[in-house]
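Architecture and fold: a report
Next come the chains, spelled out residue by residue.
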Amino acid sequence: MNIGFLTNSLYKKDVCELPAIVDWAVEQGFTELEIGASVPLDESLFSKIIEEGRIKIGALILCRNPLLPGEEGAQFKRAVIERIELAGRLGIPKVITSTGIDRGTDWDEKFNFHDGIRKRPIRSMERVVDLLNEYLEISSKAGTKICLETCPAMGNVAISPYLIDILFEQISDKRLGLCYDPSHFVWEMMDPYAPIPRFRDRIYHIHGKDTEIDEERLRYVGILSDYSWWRYRIPGLGQISWTKLVSNLYEAGYDGVISIEHEDPVWEGSTDKVKKGLLIGKRTIEKALNPERY
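Residues numbered from 1 in each chain as written. Predicted model: local features only at pLDDT ≥ 70, side-chain atom pairs only at ≥ 80, totals over all residues. Heavy atoms only, no water.

Some thoughts on the packing of helix 1 (residues 18-27) against helix 2 (residues 43-52)
Where helix 1 contacts helix 2, the two axes come as close as 11 Å, and the packing angle between them is 20 degrees. With respect to their mutual orientation, helix 1 and helix 2 come out roughly parallel. For the pair helix 1 and helix 2, the crossing hand works out as right-handed. In this structure, helix 1 uses Leu 18, Pro 19 and Val 22 to contact helix 2, whose residues at the interface are Leu 45, Phe 46 and Ile 49. (Axes fitted to C-alpha atoms, helices over the stretch in contact; angles between N-to-C directions. Helix = DSSP H or I, 4+ residues; strand = E, 2+ residues; numbered from the N terminus. Parallel < 35°, antiparallel > 145°, perpendicular 65-115°, else oblique. Left-handed = near helix turned anticlockwise from the far one by under 90°. Contact = heavy atoms within 4.5 Å.)

Here's what the structure looks like:
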């Protein structure tokens, strides 16, 4: 396994453009970049970085809701397809995205909490399957894999083992897999380790992100008042045992990247703080990957 990071946290921080991000990443020993949605799709620049060979561009990511009605959803869908086609031209192996979700107003107006929460993703599944099959048809020509983020935000149904099972039952094409992010399973009250062997042959990318639970706050507000009882953290600063997670990945045969997705509010606010946060995450993962060195 190797360590990379998602560029979203650094791009445009104090005018930190992509070539500068590449220079810093190489200096710090990162081996792979995941190009985020904030970076313009500059084919010539991406090609130059790839040809230089100092660092790999392992994935392009755009997580939005392409099943929104009207032009907004259509625009997101076009943006994902643009990335699939670009990845194919440049030999970038993966495009990471979300499934979309149908938020039909007729259903929302009749919302019943206990039934509604259960039915919304299931109601979306037919449209999701159609959309993903369209992506897969394009990706088959491009030679890329489609990786589904496991984040509930941005419009997504691939948010639990239960729903992922339903989705994979309907789409058996192995070019569709997961960008597995354990941080979401923590605040969704699921096991962040157990799904790894379950989806061992469909995990193509790992997001290195942690979640911290404020137990005292949780006891006060509960899980439904707001999200003040949890926050995303850099790997090593939350609830996840990265030694256990890495061990599960090794056992499952995963040999790809752990790409740090920096959304830690403690290590934001300046380029210097973001870089320190990324390096904290890198050291945590390195210790899990190579315990004999520490």
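Section: the sheet that holds strand 3 (residues 56-62)
Read around the closed barrel, the eight strands follow the order 1-2-3-4-5-6-7-10; overall the barrel is parallel. Sheet twist, expressed as the average angle between the axes of neighbouring strands with direction ignored, equals 30 degrees. Pairing analysis gives four bridges linking strand 1 (residues 2-6) to strand 10 (residues 257-260), with the strands arranged parallel. In the strand pairing of strand 10, Phe 5 is matched with Ile 260. (Pairing = 2+ DSSP bridges.)

Digging into the pairing of strand 4 (residues 94-97)
Neither face of strand 4 is open: one carries Lys 94 and Ile 96, the other Val 95 and Thr 97, and all of them are buried. Where strand 3 lies against strand 4, four bridges are found, and the strand directions are parallel. In the sheet register, Leu 62 faces strand 4, and the bridge partner there is Thr 97. With respect to chirality, the unit in which strand 3 leads through helix 3 (residues 70-90) into the neighbouring parallel strand 4 is right-handed. Relative to strand 5 (residues 145-149), strand 4 runs parallel, the two sharing four bridges. Note on strand 5: the bridge partner recorded for Ile 96 is Cys 147. (Buried < 20%, exposed > 50% of the residue type's maximum accessible area, 1.4 Å probe, protein only. Right-handed = clockwise from strand over helix to strand, strands pointing away.)

Quick notes on the nonpolar core
Phe 5, Phe 30, Leu 33, Phe 46 and Leu 167 are the most contacted members of the largest nonpolar core, which has 85 residues in total. Looking at which element gives the most residues to this core, the answer is helix 5 (residues 113-142), with eight residues. (Core = buried A, V, L, I, M, F, W, Y, C linked by side-chain atoms within 4.5 Å.)

Topic: the environment of Phe 5
Examined against the element boundaries, Phe 5 turns out to sit in strand 1. Taking the C-alpha atoms as reference points, Phe 5 and Phe 30, 25 residues apart in sequence, are found 7.7 Å from one another. Residue contacts for Phe 5: discarding those within four places in its chain leaves Leu 10, Ile 21, Trp 24, Ala 25, Phe 30, Glu 32, Leu 33, Glu 34, Ser 259, Ile 260 and Leu 278.

Some points on the side chain of Asn 248
Within the element layout of this structure, Asn 248 appears in helix 10 (residues 242-252). Beyond its immediate stretch of four places on either side in the chain, Asn 248 contacts Tyr 193 and Ile 196.

Focus: the pattern of salt bridges
Tallied over the entire structure, the rule returns 20 salt bridges. For Asp 23, the salt bridge goes to Arg 54, with nearest N and O atoms at 2.7 Å. In this pair, Asp 23 is assigned in helix 1 and Arg 54 in the loop between helix 2 and strand 3, connecting sequence segments 31 residues apart. Measuring nitrogen to oxygen at the nearest pair gives 3.4 Å for the salt bridge that ties Lys 209 to Asp 181. Within this pair, whereas Lys 209 is found in the loop between strand 7 (203-208) and strand 8 (210-213), its partner Asp 181 is found in the loop between strand 6 (176-180) and helix 7 (182-187), the two being separated by 28 residues in sequence. (Salt bridge = Lys/Arg side-chain N within 4 Å of Asp/Glu carboxyl O.)

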